[in-house]
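Commentary on secondary and tertiary structure
Read off the chains here:
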Amino acid sequence: MSLQKGSKVWVEDRDLAWVPAEVSDLSANQVEVVTSSGRKILASPQKLLPRDPDADHGGVDDMTKLAYLNEPGVLYNLERRYALDSIYTYTGSILIAVNPFTKLPHLYNVHMMEQYKGAPLGELSPHVFAVADASYRAMISEHQNQSILVSGESGAGKTETTKLIMQYLTYVGGRAVGDDRSVEQQVLESNPLLEAFGNARTVRNDNSSRFGKFVEIQFDKNGRISGAAIRTYLLERSRVVQITDPERNYHCFYQLCASREDAEKYKLDHPSNFHYLNQSKIYELEGLSNADEYARTRRAMSIVGITQDEQDAIFRTLAAILHLGNVEFSPGKDHDSSIIADQKSRFHIGMAADLFMCDVDLLLSSLYTRSIQTREGVIIKALDCNAALASRDALAKTVYARLFDWLVEKINLSVGQDPYSTLQIGLLDIYGFECFKLNSFEQFCINFANEKLQQHFNEHVFKMEQEEYQREEINWSYIEFIDNQDVLDLIEKKPIGIIALLDEACMFPRSTPETFSTKLFYNFQAHPRLEKAKFSRTDFTVSHYAGKVTYQTDTFLDKNRDYVVMEHCNLLSSSKCSFISGLFPSMPEESSRSSYKFSSVASRFKQQLQALMETLNATEPHYVRCVKPNTLNQSHIFENQSILHQLRCGGVLEAVRISLAGYPTRRTYVEFVDRFGLLAPEIADTSYDEKMVTEKILRKLKLENFQLGKTKVFLRAGQIGVLDSRRAEALDNAAKRVQNRLRTYIARQEFLSARAAALSLQAYCQGCLARKIYMAKHETAAATLIQKYVRRLLSRTNFLQHCIAALSIQSSIRGFLYRRRFSLAKEHKAATKIQARWRMCKIRSAFRQDQMSIIRIQSLWRKKMAKSELQRLKKEANETGALRTAKNKLEKQLEDLKVRLQLEKRLRMSNEEAKLEEVAKLRNMVEALNVELDAAKSETAHECNKNTMLQNQLELSMKEKIDIQKELLKMEELKRENVILKNFLEDLEKKNASLQALLDRAQKDNCDAIKKLNEVESKCEQLQQDLKSLEEKSSNMEDENLVLRQKALSISPKSNHPGFTKSISDEPKHEFLLETPTPTRYTAYSQDLSESRCPKSTAERHQNSEFLSRCIKENLGFQDGKPVAACLIYKCLLHWRTFESERTTIFDHIIGGINDVLRAGDEIALLPYWLANASALLCLLQRNLRSNGFFNSASNRLTFSSGLSGRVSHVLKSTCMNIGFDDGILYVEARYPAILFKQQLTAFVEKIFGHIRDNLKKEISPLLSSCIQAPKMARGSKSSRSPGGVPQQLPNNQWDSIIKFLDSLMNQLRGNHVPSFFIRKLITQVFSFINISLFNSLLLRRECCTFLNGEYVKSGLAELEKWIVNATEEFTGTAWHELNYIRQAVGFLVIHQKRKKSLEEIRQDLCPVLTVRQIYRISTMYWDDKYGTQSVSNEVVAQMREILNKDGQNLTSNSFLLDDDPSIPFSTDDISKAIPAINPVDVGLPTLLLECPVPEFLVQRTK
C-alpha cells in the first residue's frame, strides 16, 4: 500500500480493535497517524490498512461492494448499519445477522414476507427472508435438497433466526390440510426440552448448545410442507461425569434439584452435594430460576406428547445418575479389588438401584467386577478403585446418551415425518468455534467439527466466486483455492493423526498425557499447524482457521475412553421400569469373550461428523452467520473486539480472505468511470463506451492482472488503493492550482484597494486642513458680531422674564390647584367604570368558555350515542345476508316447519315489537337533537347580542379617548400636568387594547360555536337521512324475509302425502294449503295468477329464450349513452311479468348466459361492456321493484298475531306511499325470484368490477417495477454537476407507458359508456395501487432512495398530475390524493439541506402523512448520488429511534409498508344514487336484432 501525507488508513487499537486514522508524517520505517479522537500513534506501514474516505455513512448492504475488503472495513460497515437498525448484511450470498436485542416486528410481518416472495437474492435489502426464499425457489426449480447453516455463539439469535426461516417457509409453502399447528410451532415447542437436556454453561455462554441440531423441513411434490424431523449430532457425553470450573453440567440436573416435590421424592439435595455437579462452584445462572425452568421443561414435555408416567421415569433416571455419581470405592482385601467406601456411598448405590428398579447387588457387581467369557466358562474379574470409578462413569454416560436419543425420537414422533418426501430444506444449528483460557478435549472436538464445516463453507464461497467469474466471462483458472485440509489431515488422518494417536494411547492402560504428547510431537515435528506450548510439556497448539488454540491434554485420555459394558446393558434391560428397560433393549449374543469393550469418543465423534457432512454435501448450502453485538444483551451497543472474534470464528473473515485471493474489488463500469474518470479526462470525454474507457484508464496507469467482465471490472487486492491514491493526487493537484489562482487574485485585489485608500486618505487630509484654517478666521469675525447682539438680548430677556415669571407663578399656582382637584375626581370616576367593565368582561368570558365546553361535550356525547345507535341499526340491517341461509335451512327442514311454526310466530312478534321500539327511540333521539339544535341557535343569538353590547361599550370608550386627547391639547403649556395625563393615556390605551383583544377572542369563539353548531346540524340531518334509509332497508328486509318464509311454507311436505307424485307447478292449489283458513279463495287466486304469468305456448317460450340469448351474446352497443342490452332485457322481463312469478328459470338463464359470454370471449373488451349493462339493469331493478303486492294479499290470510300484523300493515303503508310513476315507469311488485335475481346481479356487478381492477393491477405492475428506479444512462447523457451546466432531461419512457396505459383504460371505459361513478372508483383504486407499489418498493430497495432517483420519480408523478388534470375531476375524483405517500417520500428525497431540518419540520411540513417509522426508514436508506450530501442529522435519527422504541409494543404501527385494500368500494345504494335514472322506453330495437324473431310487443313499440 502506497502511503502519503493525508492518506486515510485503519490502525489497530487494543480496545476498539481498529480505529480510523489519517497519515500525518512519513519516515523510513514508521508512519505517524492521527486517529479520529486526536491521538497520535507511530506504526509500521505493514500494520496499516487502507480506508475508503468516500465510504457511505449508512454502510453498504453487500460487503463485496466495499472499496477495501479488509477486516476493519467489514467491522465498521456492520457498525454503521447496526446503528441504523439495519441488522442484515450480505457478504456475497452469505447473510450476516446482528442481534438487535430489541423487537423489530416491522421487519417480519406478512407484508414483508410478500415483498420477498419470489424476489431474486440481492434485489431487495438484505433479509433472512431473502435467504429462505432463495433456498425454497432453488428447491422447487432445481428439485434439489437445500440446507441453511445458521451459526453463531449463544445469544447471537440462532434460534430466532431459525424460527423466522421456518415461518417464511410455512408462509411461502403452506402446510398440509388438517395440521392444527404449523411445523415451525411444533419444532420450536421442543426447544425448551432440548435446551434442558443438551445445553450447559461454558466459560463464555450461559446457555451453550453441547450438541448439533439439524432440522429437516420436508415438502411434498407440490412444494407444501408435509413434515419435519430433528437430527442431533455430536452430543458431549463426557460433560455428564466431568466438568471444569466455572462451567456447569447439563441444565436438567440443576432443574431437578431445584424442584421441591420431585427432589424430596428422589432424595435429592442441593447440587453441591453431588459429585457430578460440585466439580464446579457455579450452581445458579444470573437472571434464571432453576425451579421456573423445571416447570418450563415439564410443560415442554407435555406439549411434545410425553405422558406423565414417562416424565416421572425421565427424572427418575436423572436422579439415579446423580446418586450414581456419589458412589465411591475403596481398596478391597485383594490388591486389585474394590468395595463400597462408606455408608454414604452405600445409601447412594441403594437409591440408584431403587430408581433404576434393579437389584442393588447386581448393580454393585456390575460396577466393581467384570465377567470374561472363555472356552472353559465365565471368569469373574475384580476391578480396582480407578477401574470401578471408570465403570461408574461409563454407566452414567451411557444412560444419559440413550435418554437424550429417546427424547429426540419422541420429539420427532410429535412433529411428524413424511416418509415419502423427496424435497427437503435442512436448518443446521450447531455450536460455534471455542477458544478459552483452558481448552480441553471438548473444545478439541468442537473445533474439529467447525474445521469440517469451515472447509464446506470455503468450498461454497469459492464456488460462488467461480460462478461470479463465469457470469462475467473472465479468466479465473489460475486463482488458488484456499482451504484448511492440512488441519483436517493433522486431526483425522489415518494412521497418524491426533485422533488416531489418542485412540492408540487410550488402548494402553498405562498411557499418560506425557506419553501421548511425546508421541504427538515426535510424529508432527515439522507440521506448520502444530506447535508445542512454551511452558508445558503436555500442551499443544493447533493453528485453526480462526486462530491458534492451545489444548491441555491432562484429561484427554480419560474423556476419550468410553467403555461399553455389557453387564450394564443386561442389568438395565431387565429393569422393572419399562422406560429404563426400553432404553436398553436386549442385545443379541456376541462371540466376544469380554463384555468390557473400548469405545473411542473421538472416533465416534468423527463418524457422526462425517455423517453430518455427507448430509450437507447432498444439499445446496446457504449460510446465515449470527453475531452477538455485546455481552450485556442490550440494544445499540457494539463491542468491536467481541464481534471481530465472532467474525473470525464464524468464517466471515475467512470468506474475505478467499475473496482477496481472487478479485476482491468489483465495480460496474459506470461506477468506475464516474469515480476514476478524472484520472484521464481526455479519454472519458471522448468515448461513450464505459468498458473501453475503463480499460484505457487502467492501461494508462500501468495496472496489470485486472479483468474486464461483461458488466464489471475486477481488480486484484491493492489495486483499488493505487487508484485511490492516484485520484487523491489528481484532486490535490487540482486543489493546489485552484488555491494558487485564488491567492493571486486575492493579493492583487488587496494591493489595488490599499493604493486607492491611500490616495483618498491624502486628499481628505489636505482638504480638512484648508477647511480648518478658513473656519478659524470666519469664526473670529462672526464671534465679535454675535457678542454685541447677545449682550443686548440677554439684558432685555432678563428683564422680561422677571416680569412674566411673577405673573405666571401666581396664575399657575391657582390653576394647578383647581385642575389637580378636578383631575383626581375624574380619574377616580373613570377607574371605577373601567374596573366594573373589566370584571364584567372577565366573568362573561369565563361563563362563555364554560358554556362552550359544556355544549362541545354534549355535542360529542350525542354524536357518540348517535353513532353507536347508527352502527346498531346498520348491524341489524346487514342481517339480510342471513336470509338465504334461513331459506336453505327451511327447505331442508320442511318436515319440522309445521311443529315450529307457532314458536316462530311468537319470536317474530317479539322482534317486530323490539324494532318498533328501536325506531321510536331513534325518532325521539332525532327530536331531542333538533331541540338541542334550537337551543344552541338561541344561545348563539344571545351571544351575538352580547357582542353588540361590547361593541357599543368600546365605541363609548373610544369617544372618551377623543375627549381626553382634546383636553391634552389645551394643557400643553403645563409640563407637570402633561406628564400625568400622558401616563393616564397610556394606561387607558393598554386597557382599550385588552378590551379589543377580548372582543376579538369573543368574536372568534362565536364563529367557532357557529361552525360547530352548523356541523351538529349537518350531522343531525345526516342522521335523519340515515334513519330514513334504515327504515326503508328494514322494510325491504322484512319483505324479503317474508318472501323467503312464504316460499318455504308454500311447498307442501311430501311426507304428509304419501301418494303425492306430481310437481308443484302442476298442482298450484296445494300452495299455502296448510296455512290459509280459506283455501278455496286462495286457490282460485293462485290459479289466476299462475295463468297470467305463463307464456301462451311452448314455442313462444322458446322464442323468448332465444331472443334473450341473442341480446346477451351480441354486442348491441348503446343508444344515446344507454345500454341497449340492459334496457331490452328489462322491458322483456317487465312485459312477461317475470318479476311477479313465483318460480322461473329466466333469471338463472340470464346470469348463466352472461357468465358464458365472459368465459368464452375477451375479458378485456367484454368486462367494461357488461359492467355498464349490468349496473344499468341493477339500477332499474333497484328503483322500480317493490315487494309489497304479494304480502298485501297474503297478510290478510296468514294467521299472524295482532302485533305482527300491525307491523306488516305499517310497513306496507310506509312503502305504498312511494308507489307511483318515475319517468313513466310503474313500480313492480316483485316476488322471491326477482329479489334473488337482484341480489345475484349485485354480486355480479361487484365481481366484474373486481375483475377489471385486478386485471389493471396485473397489467400495470411490470410497468411500475421499472418506474421506481431511474434507468442506467450512457456516459454522454449524464446530467452535468457543474454550477453552470444545465441538466438534461431524464428519459421518461417508462412513465410514458403508464400514461398510455391510463389513456387506453379511459378510452375503453368511456367507449363502453361505463358510468363515471365506476370510472372514478377504478381510477382511484389504480392510483392507490400505484402509490402502494412505488412506496413499498422505495422502502425496500436502497438503490431507489437516492437524490437522482427522487428527481426521476418526481418527474413521473408530475406527468401523472397532468393526466389527472386533463382527465377532469369527474372521472378521476381523489386520484391525486391517493399518491400522498409516494409524493411526500419523493419530496423528502429531493429537498436540499436535510441535516438542517428538525424532526418537527419533517413530520408537520414535509411528510405529514408518513409515520415516524417510514420517515426513519427513508432517512437511514437515503444516499445522495448527485451532490454527495448527507441525510438528516444524527439528533433527528436519535429522536426517531427513541419514538420507535417507545411505540415498539404497538404492533399495529410497526409496519412501514402500505396495505392494498381488496374490498369493493361501493354498495348497491351508492350505485343507485350515483348513476342517473334510465328510461328504457326510449331505447328501440337495433338493426342487428330485426333479422331474427323478436317479441311482438317490441316490434309494435318500435313502429
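Conventions and cut-offs
Residues numbered from 1 in each chain as written. Predicted model: local features only at pLDDT ≥ 70, side-chain atom pairs only at ≥ 80, totals over all residues. Heavy atoms only, no water. Helix = DSSP H or I, 4+ residues; strand = E, 2+ residues; numbered from the N terminus. Buried < 20%, exposed > 50% of the residue type's maximum accessible area, 1.4 Å probe, protein only. Contact = heavy atoms within 4.5 Å. Areas by Shrake-Rupley, 256 points an atom, 1.4 Å probe, with all protein chains shown as cover. Core = buried A, V, L, I, M, F, W, Y, C linked by side-chain atoms within 4.5 Å. Phe/Tyr/Trp six-rings, centres within 6.5 Å; stacked < 30°, edge-to-face > 60°. Lys NZ or Arg CZ within 6 Å of the ring centre and 35° of its normal. Axes fitted to C-alpha atoms, helices over the stretch in contact; angles between N-to-C directions. Parallel < 35°, antiparallel > 145°, perpendicular 65-115°, else oblique. Left-handed = near helix turned anticlockwise from the far one by under 90°. Nonpolar A, V, L, I, M, F, W, Y, C, P; charged D, E, K, R; others polar. Patch = residues over 30% accessible without salt bridge, like charges linked within 9 Å, V, L, I, M, F, W, Y side chains within 5 Å. Salt bridge = Lys/Arg side-chain N within 4 Å of Asp/Glu carboxyl O. Pairing = 2+ DSSP bridges. pLDDT = per-residue confidence, 0-100.

Looking only at helices and strands, the chain features 48 helices and 32 strands. In the chain, which comprises 1503 residues, the share counted as buried stands at 48%. Partitioning the contacts of the chain with sequence separation of at least 6, the portion at a separation of at least 24 is 73%. Split by element, the accessible area of the chain, about 76,500 Å² in all, is 53% carbon and sulfur.

Moving on to the nonpolar core. With 264 residues, the main nonpolar core has Phe197, Phe253, Phe1318 and Leu1360 as its most contacted residues. A total of 15 residues in this core trace back to one element, the largest contributor, which is helix α40 (residues 1316–1340). Not counting the four nearest positions on each side in its chain, Phe1318 is found in contact with Leu1171, Ser1175, Val1245, Phe1249, Phe1466, Ile1471 and Ile1475. Leu149, Tyr431, Phe433 and Leu502 belong to the second largest nonpolar core, which has 50 residues in total.

Once that is clear, we can look at the packing of aromatic side chains. Tallying each qualifying case throughout the model produces 32 aromatic pairs. Where Phe1317 meets Phe1318, the ring centres are 5.4 Å apart and the plane angle is 75 degrees; that geometry is what we call edge-to-face. One exposure class covers both Phe1317 and Phe1318, and it is buried. One aromatic cluster is present, built from ring pairs that chain together Phe441, Phe444, Phe516, Phe540, Tyr551 and Phe556. Taking NZ or CZ as reference, Arg51 lies 5.7 Å from the ring centre of Trp10, over its face.

So, on to the packing of helix α10 (residues 308–325) against helix α11 (residues 343–356). Close contact between α10 and α11 brings their axes to 8 Å; oriented N to C, the two are set at 160 degrees. Taken together, the axes of α10 and α11 are roughly antiparallel relative to one another. The handedness of the crossing between α10 and α11 is left-handed. For the pair formed by α10 and α11, the contact residues are Arg316, Thr317, Ala319, Ala320, His323 and Leu324 on the first element and His348, Ile349, Met351, Ala352, Asp354, Leu355 and Phe356 on the second. Residue composition of the contact of α10 with α11, grouped by class: eight nonpolar, three polar and two charged.

Our next topic: the environment of Gly155. Mapped onto the secondary structure, Gly155 falls in the loop between β8 (146–151) and α4 (158–173). In this structure the C-alpha to C-alpha distance between Gly155 and Asn630, which are 475 residues apart in sequence, comes to 9.5 Å. Not counting residues up to four positions away in its chain, the partners in contact with Gly155 are Asn99, Phe101 and Lys628.

Here we come to unusual backbone geometry. Following Asp245, the chain continues into Pro246 via a peptide bond in cis, with omega recorded as 10 degrees. Assignment of secondary structure puts Pro246 in the loop between β12 (225–233) and α7 (251–258). Phi at Lys267 is positive, roughly 60 degrees, even though this residue is not glycine. Here Lys267 is to be found in the loop between α8 (261–265) and α9 (290–303). A relative accessible area of 47% places Lys267 in the partly exposed class.

Moving on, we get to a nonpolar patch on the surface. Nonpolar side chains collect at one region of the surface, where Ile809, Ile813, Leu817 and Tyr818 lie side by side and expose about 430 Å² of accessible area between them. Mapped onto the secondary structure, Leu817 falls in helix α27 (residues 719–877).

Time to look at the pattern of salt bridges. Scanning the model with the defined rule gives 24 salt bridges in all. Between Lys8 and Glu22 there is a salt bridge, and its shortest N-O distance comes to 3.0 Å. Residue Lys8 is found in strand β1 (residues 8–13), and its partner Glu22 is found in strand β2 (residues 17–26); the two are separated by 14 residues along the sequence. Across the salt bridge formed by Asp312 and Arg298, the nearest N and O atoms sit 3.4 Å from each other. Of the two residues, Asp312 sits in helix α10 while Arg298 sits in helix α9, which places them 14 residues apart along the sequence. On the accessibility criterion, Arg298 (12% relative accessible area) is buried.

Quick look at the sheet that holds β12 now. As summarised here, the arrangement of the seven strands in space is β6-β7-β23-β8-β17-β11-β12, forming an open sheet in which the pairing is mixed. Looking along the sheet, the strands with just one partner apiece sit at the ends: β6 (88–91) and β12. Here the average twist between neighbouring strands, direction ignored, is 20 degrees. Taken together, the eight bridges between strand β11 (residues 212–219) and β12 define a ladder with antiparallel strand orientation. Bridged to Gly212 within β12 is Tyr233. Relative to β6, helix α1 (residues 71–83) is tilted by about 155 degrees, and along the sheet it contacts β6 and β7 (94–98). Of the strands in this sheet, β6, β7, β8, β11, β17 (423–429) and β23 (620–627) touch helix α3 (residues 128–142), which is tilted by about 155 degrees from β8.

With antiparallel pairing, three strands are arranged side by side in an open sheet as β18-β19-β20. Of all strands in the sheet, those bounded by a partner on one side alone are β18 (530–532) and β20 (547–551). The average undirected angle you get between the axes of adjacent strands in this sheet is 25 degrees. Where β18 meets strand β19 (residues 540–544), three bridges bridge the pair, whose relative direction is antiparallel. Each bridged residue has a counterpart across the sheet, and for Leu530 the counterpart in β19 is Val542. Running over the sheet, helix α14 (residues 441–472) touches β19 and β20 and is turned about 150 degrees from β20.

Here the focus is the pairing of strand β4 (residues 40–43). Burial of β4 is one-sided: the residues Ile41 and Ala43 facing one way are buried, the residues Lys40 and Leu42 facing the other way are not. Here strand β3 (residues 31–35) folds back onto β4, and the loop between the two strands holds four residues, one of which, Gly38, carries a positive phi near 95 degrees.

Next up on the list: the confidence of the model for the chain. Do not read the fine detail of predicted coordinates wherever pLDDT is low. Across the chain, the average pLDDT comes to 79, with 83% of residues at 70 or higher. pLDDT under 50 marks residues 590–594. Its contacts with residues more than four places away, or in other chains, come to seven contacts. Across residues 1188–1225 the pLDDT falls below 50, and counting only partners more than four positions away or on other chains, this stretch makes 54 contacts in the model.

This paragraph deals with the environment of Arg370. Tracing the chain through its elements places Arg370 in strand β15 (residues 369–373). Judged by relative accessible area, Arg370 falls into the buried class, the value being 3%. The sequence separation of Arg370 and Ala382 amounts to twelve residues, and the corresponding C-alpha distance is 6.3 Å.

Let us now look at the pairing of β11. Of all eight residues in β11, eight are buried; the element is thus mostly enclosed. Residues Gly212, Phe214, Glu216 and Gln218 of β11 are buried on one face, and the alternating residues Lys213, Val215, Ile217 and Phe219, pointing to the opposite face, are buried as well. If you look at the hairpin formed by β11 and β12, you'll find five residues sitting between the two strands, and Gly223 has a positive phi there, around 80 degrees. Pairing geometry for β11 and β17, over seven bridges, is antiparallel. When the sheet's bridge partners are listed, Gln218 is paired in β17 with Gln424.

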